[in-house]
Amino acid sequence: MAKATRESDPLVGWQFVLEINKLPVGYFSECSGIGSETEIIEHKTLDKNGVEVVQKIPGRLKWGDVTLKRGITNSLAVYQWRTLVELGKMKEARLNCTIKMKDRDYSDAAEWTFDNAWPQKVSGPDLKSDSTDIGIEEMVLVHEGMRRTK
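None of these values were measured; they are calculated from a predicted model.

Moving on: the nonpolar core. With 24 residues, the main nonpolar core has Leu 18, Leu 68, Phe 114, Met 139 and Leu 141 as its most contacted residues. Put simply, the parts of the chain that give this core at least two residues each are strand S1 (15-20), strand S2 (23-28), strand S6 (66-71), helix H1 (77-86), strand S7 (95-102), strand S8 (108-123) and strand S9 (136-142). A per-element tally of this core places S8 first, with six residues. Apart from the residues within four sequence positions on either side, Phe 114 is in contact with Ile 34, Val 66, Leu 95, Asn 96, Cys 97, Ile 99, His 143, Gly 145 and Met 146.

If you want it as structure tokens, here you go:
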């Protein structure tokens with residue numbers, strides 16, 4: 001009986017870094033929404049025997065909004081980027097960026113590149129004086145295209 005083998009272990013997401021121009025903007029503990037989907041157009045027609053057939057045709061391509069979360073830090077880079085959007089300076093705000101998934105030894109495990117990304121939403125932590133929870137801030141990135149580059 002042949003011994004089962006595998007190419008590699010599944011990647012473990014330990015931390016995520018957002019980079020712009022190859023410089024880290026922030027390190028995040030959660031990242032969701034990376035992906036794309038194609039809308040489906042259903043076209044009903046009849047075959048040569050008069051039986052209804054439903055064709056599923058690819059429609060518009062949609063990119064997911066990417067949500068990043070982290071414990072709040074003293075870095076203002078994310079808020080400064082968001083300020084460009086608030087001021088309507090979209091030419092400056094739309095940036096190509098990369099999200100790198102780091103493994104436990106902080107080497108790059110995977111990465112995704114995003115075209116013309118900008119922060120659609122930035123929210124600070126929910127604060128409560130008697131809590132010992134870490135304050136979490138969240139950023140939602142929208143973009144015009146993405147690809148996995150590693």
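Having seen the model, we can carry on.
Within H1, burial applies to Val 78, Trp 81, Arg 82 and Val 85. All buried residues of H1 fall inside an arc of 100 degrees around its axis, so they share one side. The outward face of H1, more than 90 degrees from its buried face, is lined by the exposed residues Gln 80 and Glu 86. One or two residues past the end of H1 sits Gly 88, with phi positive at roughly 75 degrees.

Bringing the pairing of S2 into the picture now. Sheet topology places S1 next to S2; five bridges connect them, and they run antiparallel. Within S2, the residue paired with Glu 19 across the bridge is Pro 24.

So, about the side chain of His 143. Among the structural elements, His 143 can be located in the loop between S9 and strand S10 (146-148). In terms of polar contacts, His 143 uses its side chain to reach the backbone carbonyl oxygen of Gly 64, at 2.9 Å. Within the structure, His 143 has its side chain in polar contact with the backbone nitrogen of Gly 145 (distance 3.3 Å). Ignoring sequence-local partners within four residues, the contact set of His 143 consists of Trp 63, Gly 64, Val 66, Phe 114, Asp 115, Asn 116 and Ala 117.

Calculation notes
Residues numbered from 1 in each chain as written. Predicted model: local features only at pLDDT ≥ 70, side-chain atom pairs only at ≥ 80, totals over all residues. Heavy atoms only, no water. Core = buried A, V, L, I, M, F, W, Y, C linked by side-chain atoms within 4.5 Å. Buried < 20%, exposed > 50% of the residue type's maximum accessible area, 1.4 Å probe, protein only. Helix = DSSP H or I, 4+ residues; strand = E, 2+ residues; numbered from the N terminus. Contact = heavy atoms within 4.5 Å. Arc of directions from axis to C-beta. Pairing = 2+ DSSP bridges. Polar contact = N/O pair within 3.5 Å; in protein donor to acceptor, adjacent residues only side chain to side chain.

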